[in-house]
Amino acid sequence: YTILDKWIASKMNEFINQSKKYYENFEVYKLMQESSAILDYLSNWYVRRNRRRFWKSENDNDKNAAYLTLYSALITYTKIMAPIIPFLAEEIYSNLNQEDEESIHLSSFPDYNESNTDFNIIKEIDDIINIVNLSRSARNKANIKVRQPLSTLNIFSNHDISDTIKRNENQIK
């Protein structure tokens, strides 16, 4: 499993925790905001950054790990959102679970397990996302196209992120 696999799994685990609190407090509007952010992370970060792993011609452990992580995230997301979007959740769930005849509404709500969340990985990847978003914003202001490589990128932070940048340099490029 890669760092992005662990990151999205940790994000989904925290989404389970937050969604339980939102449901208990009848704060569905907050859940909808959170669910939109999670869906954005899943599609714009996890899937986009792992395209090569999904498109590999050979079926190796890396490709299987990517598919399993994505499957798990989609099942979790669908189960959490089922009370709010029942028909859509049922359709997605039945498409993901072809051999399982049980309805999503008969399945149990995902369990939160604090030991499944790596807060260091969440912080590390969230820092990388912030760097990329800020650099895109600076590119837009300077009218520089996204596909045009930069010769340098200077990053100023109130905490040391040099190790984070070194480990995730391929995510920033």
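Just above, that's the structure.
In this text the structure is predicted, and so the values were computed from the model without any measurement.

Q: Break down the overall build of the protein chain for me, with residues and values.
A: Per the secondary structure count, the protein chain includes eight helices and zero strands. Along the protein chain, helices (α) and strands (β) appear in the sequence α-α-α-α-α-α-α-α when read from the amino end. On the principal axes, the C-alpha backbone points of the protein chain span a range of 55 × 45 × 35 Å. Across the protein chain, every contact between residues at least 6 apart in sequence was considered, and the portion connecting residues at least 24 apart equals 68%. Accessible area for the protein chain stands at about 11400 Å²; split by element, carbon and sulfur atoms hold 51% of it. Each charge sign in the protein chain was given a centre, from 22 positive and 24 negative side chains, and these centres are 12 Å apart.

Q: Explain the pattern of salt bridges to me, using residue names and the numbers behind them.
A: Any two side chains of opposite charge can pair, given that their charged atoms come close. Enumeration according to the criterion identifies eight salt bridges in this entry. E27 serves as the salt-bridge partner of K30, at 3.3 Å between the closest nitrogen and oxygen. Look at K30 and you get partly exposed, because its relative accessible area is 30%. Here D62 makes a salt bridge to K56, at a shortest N to O gap of 2.9 Å. Judged by relative accessible area, which is 27%, D62 ranks as partly exposed. Taking the relative accessible area as the measure of exposure, K56 reaches 22% and is therefore partly exposed. Put simply, D5, R53, K56, D60 and D62 are held in one network by salt bridges that share partners.

Q: Could you give an account of the side chain of K11, with specific residues and numbers?
A: In this structure, K11 sits in helix 1 (residues 3-24). In terms of polar contacts, K11 uses its side chain to reach the side chain of D126, at 3.1 Å. The contact partners of K11, leaving out residues within four places of it in the chain, are I38, Y41, I122 and D126.

Q: How would you summarise helix 1 if you had to cite specific residues and measurements?
A: When the terminal C-alpha atoms of helix 1 are compared, their 32 Å separation across 22 residues agrees well with the 32 Å that a helix rising 1.5 Å per residue should span. Immediately downstream of helix 1, the backbone of F26 shows phi near 55 degrees, a positive value.

Q: Give me the lowdown on the packing of aromatic side chains, citing residues and values where you can.
A: Tallied over the full model, the rule gives five aromatic pairs. Between Y23 and F109, the aromatic rings sit 6.1 Å apart at their centres with planes inclined by 80 degrees, giving edge-to-face as the arrangement. Taken together, the positions of Y23 in helix 1 and F109 in the loop between helix 5 (86-96) and helix 6 (119-142) put the pair 86 residues apart, joining distant regions of the chain. Relative accessible area serves as the criterion here: at 22%, Y23 is assigned to the partly exposed category.

Q: Break down the packing of helix 2 (residues 28-49) against helix 4 (residues 61-81) for me, with residues and values.
A: One way to put it is that helix 2 packs onto helix 4 with a least axis distance of 12 Å and a crossing angle of 165 degrees. Taken together, the axis directions place helix 2 and helix 4 in an arrangement best described as roughly antiparallel. In the packing of helix 2 onto helix 4, the handedness of the crossing is left-handed. The segment helix 2 lies against helix 4, with L31, M32, S35, I38, L39, L42, Y46 and V47 engaging A65, A66, T69, L70, A73, L74, Y77, I80 and M81. When the residues that make up the contact of helix 2 with helix 4 are grouped by side-chain class, the tally is 15 nonpolar, two polar and no charged.

Q: So what's going on with the environment of K63? Residues and values would help.
A: Within the fold, K63 resides in helix 4. Expressed as a C-alpha distance, the spacing of K63 and K20, which sit 43 residues apart in the sequence, is 32 Å.

Q: Pulling in residues and values, what's your account of the packing of helix 1 against helix 2?
A: Axis separation between helix 1 and helix 2 bottoms out at 10 Å; the angle between their running directions is 170 degrees. With respect to their mutual orientation, helix 1 and helix 2 come out roughly antiparallel. Contacts between helix 1 and helix 2 involve L4, D5, W7, I8, K11, M12, F15, S19, Y22 and Y23 from the first element and K30, L31, E34, S35, I38, Y41, L42, W45, Y46 and R49 from the second. When its residues are assigned to classes, the contact of helix 1 with helix 2 shows 13 nonpolar, two polar and five charged.

What counts, and at which threshold
- Residues numbered from 1 in each chain as written.
- Predicted model: local features only at pLDDT ≥ 70, side-chain atom pairs only at ≥ 80, totals over all residues.
- Heavy atoms only, no water.
- Helix = DSSP H or I, 4+ residues; strand = E, 2+ residues; numbered from the N terminus.
- Contact = heavy atoms within 4.5 Å.
- Areas by Shrake-Rupley, 256 points an atom, 1.4 Å probe, with all protein chains shown as cover.
- Lys, Arg positive; Asp, Glu negative; His and termini not counted.
- Charge placed at Lys NZ, Arg CZ, Asp CG, Glu CD.
- Salt bridge = Lys/Arg side-chain N within 4 Å of Asp/Glu carboxyl O.
- Buried < 20%, exposed > 50% of the residue type's maximum accessible area, 1.4 Å probe, protein only.
- Polar contact = N/O pair within 3.5 Å; in protein donor to acceptor, adjacent residues only side chain to side chain.
- Expected span 1.5 Å × (residues − 1).
- Phe/Tyr/Trp six-rings, centres within 6.5 Å; stacked < 30°, edge-to-face > 60°.
- Axes fitted to C-alpha atoms, helices over the stretch in contact; angles between N-to-C directions.
- Parallel < 35°, antiparallel > 145°, perpendicular 65-115°, else oblique.
- Left-handed = near helix turned anticlockwise from the far one by under 90°.
- Nonpolar A, V, L, I, M, F, W, Y, C, P; charged D, E, K, R; others polar.

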